[in-house]
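Here is what each chain is made of, one letter per residue.
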Amino acid sequence: MINKAILMGRLTRDPELRHTNSGTAVCSFSIAINNGFGENAQTDFINCVAWNKTAEFVSKYFSKGKMIIVIGRISTRSWDGPDGKKNYATEVVANEVSFGESKRDGGDSYSASGFGGASAPESMPAMPAMDDGGFSPLDTDDDLPF
């Protein structure tokens, strides 16, 4: 079975970092994702939660309005409210988080992973230029193999 969500949107508020009784970091945040165009345009608001180092990374480097990329799984939980009514929540549990904007736009090119990824260092080196892999552009349609 597969349960994987990949989302890109803007934070609707500053992330909220808390710690459990055992000291585990947990960060709650919500992202807005625009879907559709013109008359069909709508915005989805997705609740997310990150744990441990990923939670600390989100809390430290993200704020309201920043573009964020979240990779994780969809989780549904339920609890009984004080009125005895059953309550439900659906959220994305973030395993990986990345900046969705370039550094000049206010973001960075580092990410954190729930699999032991570290937060970005204080002094971030420039990312190396991408190699073209030895490929050359095609000049005409005659160069196409099909």
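Everything quoted here is computed from the prediction, not taken from an experiment.

Definitions and limits used
Residues numbered from 1 in each chain as written. Predicted model: local features only at pLDDT ≥ 70, side-chain atom pairs only at ≥ 80, totals over all residues. Heavy atoms only, no water. Helix = DSSP H or I, 4+ residues; strand = E, 2+ residues; numbered from the N terminus. Buried < 20%, exposed > 50% of the residue type's maximum accessible area, 1.4 Å probe, protein only. Contact = heavy atoms within 4.5 Å. Core = buried A, V, L, I, M, F, W, Y, C linked by side-chain atoms within 4.5 Å. Pairing = 2+ DSSP bridges. Polar contact = N/O pair within 3.5 Å; in protein donor to acceptor, adjacent residues only side chain to side chain. Salt bridge = Lys/Arg side-chain N within 4 Å of Asp/Glu carboxyl O. pLDDT = per-residue confidence, 0-100.

## Structural notes on the overall build of the protein
At step 1: Within the protein, the secondary structure is distributed over 1 helix and 7 strands.
At step 2: When the helices and strands of the protein are listed from N to C terminus, the series reads β-β-β-β-α-β-β-β.
At step 3: When each of the 146 residues of the protein is scored for burial, the buried share is 31%.
At step 4: Within the protein, contacts between residues separated by at least 24 positions form 51% of all contacts whose residues are at least 6 apart in sequence.

## What to know about the nonpolar core
At step 1: Core analysis: the largest hydrophobic core is formed by 21 residues, its most contacted members being F29, I31, F62, I68, V70 and V97.
At step 2: Elements that contribute at least two residues to this core include exactly β1 (5-11), β3 (25-35), β4 (42-51), α1 (52-61), β5 (67-80) and β6 (86-99).
At step 3: Top contributing element to this core by residue count: β3, with 5 residues.
At step 4: Ignoring any residue separated from it by four or fewer positions in sequence, one finds F62 in contact with L11, P15, F57, M67, I68, V97, S98 and F99.

## Comments concerning the side chain of S75
At step 1: On the secondary structure map, S75 appears in strand β5.
At step 2: Judged by relative accessible area, S75 falls into the buried class, the value being 17%.
At step 3: For S75, the residues in contact, after removing those within four places along its chain, are A89, T90, E91 and V93.

## Re the pairing of β3
At step 1: Where burial is concerned, most of β3 is hidden: 9 out of the 11 residues are buried.
At step 2: Pairing of β1 with β3 involves 2 bridges; the strand directions are antiparallel. For R10, the partnering residue across the bridge sits in β3 and is A32.
At step 3: One ladder, built from 4 bridges, connects strand β2 (residues 16-19) with β3; its direction is antiparallel. Note that in β3 the partner of R18 across the bridge is V26.
At step 4: In sequence, β2 turns back onto β3 through a hairpin of 5 residues, with G23 there showing a positive phi of about 95°.

## Describing unusual backbone geometry
Comment: phi is negative for the bulk of residues other than glycine, and the bulk of peptide bonds are trans.
At step 1: For N52, which is not glycine, the phi torsion reads 55° and is therefore positive.
At step 2: For N52, the position within the fold is in helix α1.

## What about the environment of N3?
At step 1: Summarising the element assignment, N3 is placed in the segment before β1.
At step 2: Overall, N3 belongs to the partly exposed group, its relative accessible area being 41%.
At step 3: Remark: the alpha-carbon pair of N3 and G72, spanning 69 residues in sequence, is separated by 8.2 Å.
At step 4: Beyond its immediate sequence surroundings of up to four residues, N3 is in contact with G72, R73 and I74.
At step 5: A distance of 2.8 Å separates a polar atom in the side chain of N3 from the backbone oxygen of I74.

## Observations concerning the pattern of salt bridges
Pairing of side chains with opposite charge becomes possible as their charged atoms draw close.
At step 1: As enumerated under the stated definition, the model contains 3 salt bridges in all.
At step 2: Residue R10 pairs with E101 through a salt bridge whose shortest N-O separation is 3.4 Å. One end of the pair, R10, is in strand β1; the other, E101, is in the loop between β6 and β7 (111-113), with 91 residues separating them in the sequence.
At step 3: Residue classification places E101 among the buried positions, given a relative accessible area of 15%.

## Regarding the confidence of the model for the protein
At step 1: Overall, the predicted model of the protein reaches an average pLDDT of 81, with 69% of residues at or above 70.
At step 2: Below pLDDT 50 for its whole length, residues 114-130 participates in 22 contacts with residues either more than four positions away or in separate chains.

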